[in-house]
Protein chains: 4
Amino acid sequence: MSSTWGEKVKISVFGESHGNGIGVVIDGLPAGFKVDNDKLFAQMARRAPGKDKTATPRKESDLPNVLSGMLNNITTGAPLCAIINNTNTKSGDYSNLLACPRPGHSDYTAYEKYNSFNDIRGGGHFSGRLTAPLVFAGSICRQILEEKGIKISAHISQIGNVKDDPFNPVNIDNDLMGRLSQSSFSLIDTSKEEAMREVVENARLNQDSVGGIIECAVTGLPTGLGGPMFGGVEGLISSIIFGIPAIKGIEFGKGFKLAEMLGSESNDPFEYKDGKVVTKTNNCGGILGGITNSMPVIFRACIKPTPSISKEQDTVDLQKKCNTKLSINGRHDPCIVPRAVSVIEACTAIALMNLV
Amino acid sequence: MSSTWGEKVKISVFGESHGNGIGVVIDGLPAGFKVDNDKLFAQMARRAPGKDKTATPRKESDLPNVLSGMLNNITTGAPLCAIINNTNTKSGDYSNLLACPRPGHSDYTAYEKYNSFNDIRGGGHFSGRLTAPLVFAGSICRQILEEKGIKISAHISQIGNVKDDPFNPVNIDNDLMGRLSQSSFSLIDTSKEEAMREVVENARLNQDSVGGIIECAVTGLPTGLGGPMFGGVEGLISSIIFGIPAIKGIEFGKGFKLAEMLGSESNDPFEYKDGKVVTKTNNCGGILGGITNSMPVIFRACIKPTPSISKEQDTVDLQKKCNTKLSINGRHDPCIVPRAVSVIEACTAIALMNLV
Amino acid sequence: MSSTWGEKVKISVFGESHGNGIGVVIDGLPAGFKVDNDKLFAQMARRAPGKDKTATPRKESDLPNVLSGMLNNITTGAPLCAIINNTNTKSGDYSNLLACPRPGHSDYTAYEKYNSFNDIRGGGHFSGRLTAPLVFAGSICRQILEEKGIKISAHISQIGNVKDDPFNPVNIDNDLMGRLSQSSFSLIDTSKEEAMREVVENARLNQDSVGGIIECAVTGLPTGLGGPMFGGVEGLISSIIFGIPAIKGIEFGKGFKLAEMLGSESNDPFEYKDGKVVTKTNNCGGILGGITNSMPVIFRACIKPTPSISKEQDTVDLQKKCNTKLSINGRHDPCIVPRAVSVIEACTAIALMNLV
Amino acid sequence: MSSTWGEKVKISVFGESHGNGIGVVIDGLPAGFKVDNDKLFAQMARRAPGKDKTATPRKESDLPNVLSGMLNNITTGAPLCAIINNTNTKSGDYSNLLACPRPGHSDYTAYEKYNSFNDIRGGGHFSGRLTAPLVFAGSICRQILEEKGIKISAHISQIGNVKDDPFNPVNIDNDLMGRLSQSSFSLIDTSKEEAMREVVENARLNQDSVGGIIECAVTGLPTGLGGPMFGGVEGLISSIIFGIPAIKGIEFGKGFKLAEMLGSESNDPFEYKDGKVVTKTNNCGGILGGITNSMPVIFRACIKPTPSISKEQDTVDLQKKCNTKLSINGRHDPCIVPRAVSVIEACTAIALMNLV
């Protein structure tokens, strides 16, 4: 099932980039929760394109139309459906893609899976535009979690070879989390913005694109959430995060660095602090045996460079059955990492609503 | 749900390290498949402990007893249940762990989740021993996939700072895959074995342990498997791989290296080769838009150092509510990476049975 | 999860009777199927209210707006979302129901479940109006099944004490099925219409309502669909049929009559007919061991009388915490059975899409 | 998926009648619950065969062997697996069934579904023997529910044309429930036992069998469980009850009788009683809008006559492709209804564990 996720709180995402509209049904929200629209729209604005040169200049009027599940901004407990109408689509740009799949895109694999019946315009259902309803759904979940004292915040860990500082894994400042969650270019060390933007701008000027890494942290989770084996928090979070287009990897805590560590280095020693059990380090990313241990849950996800680049590329012509060249026109983000920060946070919130 | 996974082919794993037995129910296998027991036991032997100094000296008689779902070694289509009895358990070793959780282990989080009622002996249901039924289930799935021309093979990519060569992502040799799948220390460049074993032996002599990385490849998959968003192959594979104890990260294709690549570098150009669409590179790990693209599916998973080490560690006493020291006795692998290779392969096979 | 159903083809229904709109997301439809809109709208018209005195005079413009998943009336394989806007709602009628729950309705239980935050207007998400998207989704599934030679058809088996003839369980005429599927008052013996309408009209004139039974048959199913235990066809069909408001029972084949039969009567003897294995009788309703046996699948579902009646009834005042009387105004069907025929057919189609 | 059921508490049933063993894995039980073995075995004894002439004289040693998930009879929170070994099987009796399917049995449909690879001996995985692990699992669930004040009790409502009294739907006596739950021939009006046994004995003497109906009641459920549409209590219960072999129908409250009732008769008026909202009647079976309303949940399920009868029957020879006659030898219950009472109760308990 491609576009449905969750057990306790289930989302069903629909829509195609250049179709009539996109949206999401959220089934399983608690009744009686008053949604703060300002906070909601602020998150959607962080994801929205067209803010600056790192993003596609396409303007979206991403304000969702809530069809059901809310009365006077309070959840009714019934499934909540929100629609975002598609406007400002330029489908003419994509006419030759049916025959000539874009490298790095789903064009070819979707062509094979759907026998060419998929809506290829703008990437169809594979488009990054489908992350807008994810941010909508996730932002509501996030507000519910915040009421329980659970905070989620992410930042751009890396774009190209420019790296931000990591979270302090044993002590993450509430103010920092608040600041990051409102920024449209979320960085712990804001002095890195200029260098990162330069990397992106260089890529853009070279008709190219660039990838990156996002680090996400969750604080305030109760101890004891998750479970052994397939009930683990890592598996839960990864299964939704890989639903975000362009994500190709995820690691928890020290992640791949653990390969070079000794057990005596990677094990996080327990200690009592203010009468509570904590760990002195947090190499496990707040998860032991698949279960939360009271420390911040921390993970990193990598994002591949935007596959749509103007530079000429080699591809095939599926109709003429020969090799050919392709130059992609249209509006594309040279780097989607800054916009993806709120998407990662939103998906994390949806995941955690299924855990709490 | 902690220990159940899958939709088309569903596994339900049960058992505790020092309980009466462990096992698995596999629901959804096709009827009429003749299982090759030699191949099956060979895979279980690769995972079994006690083969050399990298592993715990505990001997398991891991031969499973099939209770149902097979008649004369041929699947009946009914749920297949296999039991492995626990023998040679030394539970006395674990008496003090109830109060003093081992750093890096599930002891503390399980204590919190289960209100101290979990069976902590040998790690209980969190034990790496629970991977034996996974290998059993996966090896049957793998034999079924092999009949369809799908091959799965993994190798030790890294232990400590010693690295094996990677798979050639565009052309993986059948003979190599066959050789790796039979080895108990699977390496592409076998000359690395000595250095890796030295890393492990040094850790062992220092009462310590070490982590690593496993790389896994799948060839022969039809084009068009998987789907957009949450139906993607990456999400499917990751959700079962994170079910293996000690896995803390997964990346597909170039993975985290994509952060520093340009789109023009990371995009895999299409071309016709022998009348078939292929890609010249395989940075995406055989998956575009969540869907297989005919190239090998390749991923890497990192494994943390075995948390059980003899070296004295800081921990807490949950009964006396104070800080304390802990030295873990008992038999433990200084490095579980070599044994985990067949587990990764098995879980990949189970995942793919749900896709094909 | 209240409003999501299915595995292979999953529907997610949303909306509230007097909210902004209702609709459905269908995830998992095959790509490349051309939907026949005339057939689709004909089914929705059968369910629509206001056709005659058996139904509420409220007019719905039930034509759905397809937001996604179709391009030029052909399915793309992506989730299909269809919206029906709510118009002609008279919410003023329901103002006193928040305090005084209507007997036989969900008002009280929803009040308890959702802490009074549910949208009670017109029944909210519990309204029979939510069956419109079910008919939409089911009609598409039905068209796909018809292409495979599978026909679904139902009729009014009983209203009050007036009974239609049953299907001939071993031989159901294609023409009959075609005729029933187009009728807005589906009867095998059309001479019963007058008596049935009289029962309904009498109830209406007495400010009352009446229940009934619908019988549904499916022909053309391949042998061997379904499975033992929880994979059985009976469980699959019942789990979606009970999702239709007002359904309180379901029986397959001879159903409750089997209690008084002997094994020698109820067992359906096998025989070869035209080289094919059939049964001489069909007391099992085409299902043995949960699996289709090549004979028509036949079941009956009972529908309680419309709970909304104008007659004064005893109820409670939840705010004043006392007993009180209630007279329900507003437009209500004195009998929903005729309209429910297409809903039963539609849900059966959705169920079978998950089986074929 | 044939043999797996549940979300919060998931059961996975395995085994074949004449295989090595049968059993169940229960995933999701709370940790720390002390199981009362006497109560558990008492329920298994109620289901066990061989008690009198209504049942097959085959003796089962149905005492289960718990492999995991319990320590000192207390649940650990890990999956609980219980095995019942098969003994006293006489497989010789079934040798000709591969070619000549028994009318009313799964032989033919399983043959088609599994391409003849199913284990047909004793009915294989379709055997009523598979209800033993259901009773095991359900009895544990039931003990957990009882601690929360929830009682489940069923009785033989009808065998042949002999009927027991129904439950008083608005007031079910605790003592009655207790008595029924311990009886091996559960009747409200115990004076009916003789007449029922006579019906069964007559069937047996005629080499025949007979069906029946079981009525089940649940008291003590909190108000507000369940949900609209597919989240309804009726759908939940029916989906597991139809997993019991031989069940062909289910109805809640007045069920099929509602077809002949008026709304003014079927609606259950609300009233305050002892400060609590109750209904004066209980025609809805304690469920409104799919949600519990504080009254007893009541349903009835019908059971077809045992298909295995000694009387000669018409069938086909699938190998010779011709019509033939069949006389079934072996040990079979002339009526399974008395034994099925505890199975219905057990499955209801499993269902409710997923709701509470």
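In this text the structure is predicted, and so the values were computed from the model without any measurement. (Residues numbered from 1 in each chain as written. Chains lettered and ligands numbered in written order. Predicted model: local features only at pLDDT ≥ 70, side-chain atom pairs only at ≥ 80, totals over all residues. Heavy atoms only, no water.)

1. Quick notes on the overall build of chain A
Next, step 1: From N to C terminus, chain A includes eight helices and 18 strands.
Next, step 2: Against the compact-globule benchmark of 21 Å for 356 residues, chain A has a radius of gyration of 21 Å, which places it among compact chains.
Next, step 3: In terms of overall dimensions, chain A has C-alpha extents of about 70 × 50 × 40 Å along its principal axes.
Next, step 4: Considering only residue pairs separated by 6 or more positions, chain A has 71% of its internal contacts joining residues 24 or more positions apart.
Next, step 5: Carbon and sulfur atoms make up 46% of the accessible area of chain A, which totals about 11500 Å².
Next, step 6: On chain A, the mean spot of the 37 positive side-chain charges and the mean spot of the 37 negative ones are 4 Å from each other. (Helix = DSSP H or I, 4+ residues; strand = E, 2+ residues; numbered from the N terminus. Rg over C-alpha atoms; globule rule 2.2 N^0.38 Å. Contact = heavy atoms within 4.5 Å. Areas by Shrake-Rupley, 256 points an atom, 1.4 Å probe, with all protein chains shown as cover. Lys, Arg positive; Asp, Glu negative; His and termini not counted. Charge placed at Lys NZ, Arg CZ, Asp CG, Glu CD.)

2. Topic: the packing of aromatic side chains
Next, step 1: Applying the stated rule across the entire model yields 18 aromatic pairs over all chains.
Next, step 2: By the ring-pair criterion, three or more aromatic residues cluster together here, those being Phe242(A), Phe252(B) and Phe299(B). (Phe/Tyr/Trp six-rings, centres within 6.5 Å; stacked < 30°, edge-to-face > 60°.)

3. A look at the packing of helix 1 (residues 37–47) of chain D against helix 8 (residues 337–353) of chain D
All names here are of chain D.
Next, step 1: Contact geometry for helix 1 and helix 8: axes closest at 7 Å, N-to-C directions at 135°. Comparing their axes, helix 8 and helix 1 come out oblique. Seen from helix 1, the contacting residues are Gln43, Arg46 and Arg47; seen from helix 8, they are Arg339, Val341, Ser342, Val343 and Glu345.
Next, step 2: Each residue belonging to the contact of helix 1 with helix 8 can be placed in one class, and the counts come to two nonpolar, two polar and four charged. (Axes fitted to C-alpha atoms, helices over the stretch in contact; angles between N-to-C directions. Parallel < 35°, antiparallel > 145°, perpendicular 65-115°, else oblique. Nonpolar A, V, L, I, M, F, W, Y, C, P; charged D, E, K, R; others polar.)

4. Some thoughts on the interface of chain A and chain B
Next, step 1: Contacts between the two partners involve 100 residues from chain A, matched on the other side by 100 residues from chain B.
Next, step 2: Interface area for chain A against chain B, summed over the two sides, is near 7400 Å², with a carbon-plus-sulfur share of 66%.
Next, step 3: Contact with chain B buries surface across chain A, with Met229(A), Phe230(A) and Lys248(A) losing the most and accounting together for 12% of the total.
Next, step 4: Run the count over chain A and chain B and you get four salt bridges.
Next, step 5: For Lys248(A), the salt bridge goes to Glu234(B), with nearest N and O atoms at 2.9 Å.
Next, step 6: The tally of links from chain A across to chain B stands at 36 residue pairs in polar contact (both at pLDDT 80 or more).
Next, step 7: In terms of residue count, strand 11 (residues 247–252) of chain A provides more of the side of chain A that touches chain B than any other element does, six residues in total. (Buried area = accessible area lost by both parts, 1.4 Å probe. Salt bridge = Lys/Arg side-chain N within 4 Å of Asp/Glu carboxyl O. Polar contact = N/O pair within 3.5 Å; in protein donor to acceptor, adjacent residues only side chain to side chain.)

5. Description of the interface of chain D and chain C
Next, step 1: On the chain C side, the residues contacting the 100 residues of chain D number 100 residues.
Next, step 2: When residues of chain D are sorted by the area they lose upon contact with chain C, Met229(D), Phe230(D) and Lys248(D) head the list and together hold 12% of the total.
Next, step 3: Viewed at the interface, chain C and chain D are joined by 36 residue pairs in polar contact (both at pLDDT 80 or more).
Next, step 4: Per-element tally for the side of chain D that touches chain C: the top contributor is strand 11 (residues 247–252) of chain D, with six residues.
Next, step 5: In terms of strand pairing, strand 11 (residues 247–252) of chain C meets strand 11 of chain D through three bridges, oriented antiparallel. Of the residues in strand 11 of chain D, the one forming a bridge with Ile250(C) is Ile250(D). (Pairing = 2+ DSSP bridges.)

6. Quick notes on the pattern of salt bridges
Next, step 1: By the definition in use, this model includes 56 salt bridges over all chains.
Next, step 2: Salt bridges here are not isolated pairs; linked through shared partners, they connect Arg46(A), Arg142(A) and Glu345(A).

7. What about the packing of helix 6 (residues 233–241) of chain C against helix 8 (residues 337–353) of chain C?
Residue and element names in this part refer to chain C.
Next, step 1: It is the contact of helix 6 with helix 8, at a shortest axis distance of 9 Å, that shows an interaxial angle of 135°. By the criterion of interaxial angle, the relationship of helix 6 to helix 8 is oblique. Where helix 6 crosses over helix 8, the handedness of that crossing is right-handed. Across the interface between the two elements, Leu236, Ile237, Ile240 and Ile241 of helix 6 pack against Ile344, Cys347, Thr348, Ile350 and Ala351 of helix 8. (Left-handed = near helix turned anticlockwise from the far one by under 90°.)

8. Some remarks on the relation of the copies chain A and chain B
Next, step 1: Aligned on chain B, chain A shows an RMSD of 0.0 Å; the corresponding rotation is 180° and the shift along the axis is 0.0 Å. Interpreted geometrically, this transformation is the action of a two-fold axis.
Next, step 2: An overlap of 100% is found between the interface residues of chain A and their copies at the interface of chain B, pointing to a shared contact surface. (Least-squares fit on C-alpha atoms with pLDDT ≥ 70 in both.)

9. Notes on the sheet that holds strand 10 (residues 212–219) of chain D
Next, step 1: Spatial strand order, 9(C)-8(C)-10(C)-16(C)-11(C)-11(D)-16(D)-10(D)-8(D)-9(D): 10 strands in an open sheet with antiparallel pairing. In the strand order of this sheet, the two ends are held by strand 9 (162–163) of chain C together with strand 9 (162–163) of chain D, each with one partner.
Next, step 2: In this structure, strand 10 of chain D lies alongside strand 16 (residues 297–303) of chain D, joined through seven bridges in antiparallel fashion. The partner of Gly212(D) across the bridge, within strand 16 of chain D, is Ile303(D).
Next, step 3: Running over the sheet, helix 6 of chain C touches strand 11 and strand 16 (297–303) of chain C together with strand 11 of chain D and is turned about 160° from strand 11 of chain C.

10. Here's the deal with the arrangement of the chains
Next, step 1: Nowhere do chain B and chain C come into contact; their C-alpha atoms are at least 8 Å apart.
Next, step 2: A gap remains between chain A and chain D, which never touch, and the nearest two C-alpha atoms on either side lie 8 Å apart.

11. Digging into the nonpolar core
Next, step 1: Counting 154 residues, the largest nonpolar core has Ile241(C) and Ile241(D) as the members making the most contacts within it.
Next, step 2: The contacts of Ile241(D), once residues within four sequence positions are left out, are Ile247(D), Ile250(D), Phe299(D), Ala301(D), Ile344(D), Cys347(D) and Thr348(D).
Next, step 3: Residues Ile11(B), Leu130(B), Ala132(B) and Ala246(B) belong to the second largest nonpolar core, which totals 152 residues. (Core = buried A, V, L, I, M, F, W, Y, C linked by side-chain atoms within 4.5 Å. Buried < 20%, exposed > 50% of the residue type's maximum accessible area, 1.4 Å probe, protein only.)

12. Structural notes on the sheet that holds strand 10 (residues 212–219) of chain B
Next, step 1: Spatial ordering of the open sheet is given by 9(A)-8(A)-10(A)-16(A)-11(A)-11(B)-16(B)-10(B)-8(B)-9(B), a layout of 10 strands whose pairing is antiparallel. The sheet is open, and its two borders are formed by strand 9 (162–163) of chain A together with strand 9 (162–163) of chain B, each paired with just one other strand.
Next, step 2: Sitting on the sheet, helix 5 (residues 193–205) of chain A is in contact with strand 8 (151–159) and strand 9 of chain A, with an inclination near 60° to strand 8 of chain A.
Next, step 3: Across the sheet, helix 8 (residues 337–353) of chain B lies against strand 8 (151–159), strand 10, strand 11 (247–252) and strand 16 (297–303) of chain B, angled at about 145° from strand 8 of chain B, the strand it touches most.

13. What about the relation of the copies chain D and chain C?
Next, step 1: When chain D is brought onto chain C, the operation consists of a screw motion whose angular component is 180° and whose axial shift is 0.0 Å, with 0.0 Å RMSD remaining.
Next, step 2: In this assembly, 100% of the residues forming the interface of chain D have copies in chain C that are likewise at the interface, indicating an isologous arrangement.

14. Looking at the side chain of Glu234(D)
Next, step 1: Counting through the fold element by element, Glu234(D) comes out in helix 6 (residues 233–241).
Next, step 2: Only 2.9 Å separates the side chain of Glu234(D) from the side chain of Lys248(C), close enough to count as a polar contact.
Next, step 3: Other than its neighbours up to four places away in sequence, Glu234(D) contacts Phe242(C), Ile247(C), Lys248(C), Phe252(D), Ile287(D) and Gly290(D).

15. Considering the pairing of strand 7 (residues 80–85) of chain C
Residue and element names in this part refer to chain C.
Next, step 1: Of all the six residues making up strand 7, five are buried; the element is thus mostly covered by neighbouring parts of the structure.
Next, step 2: Where strand 3 (residues 21–27) meets strand 7, six bridges bridge the pair, whose relative direction is antiparallel. Each bridged residue has a counterpart across the sheet, and for valine 24 the counterpart in strand 7 is alanine 82.
Next, step 3: Both strand 4 (residues 65–68) and strand 7 contribute to a ladder of three bridges, which runs antiparallel. Each bridged residue has a counterpart across the sheet, and for asparagine 65 the counterpart in strand 7 is isoleucine 83.

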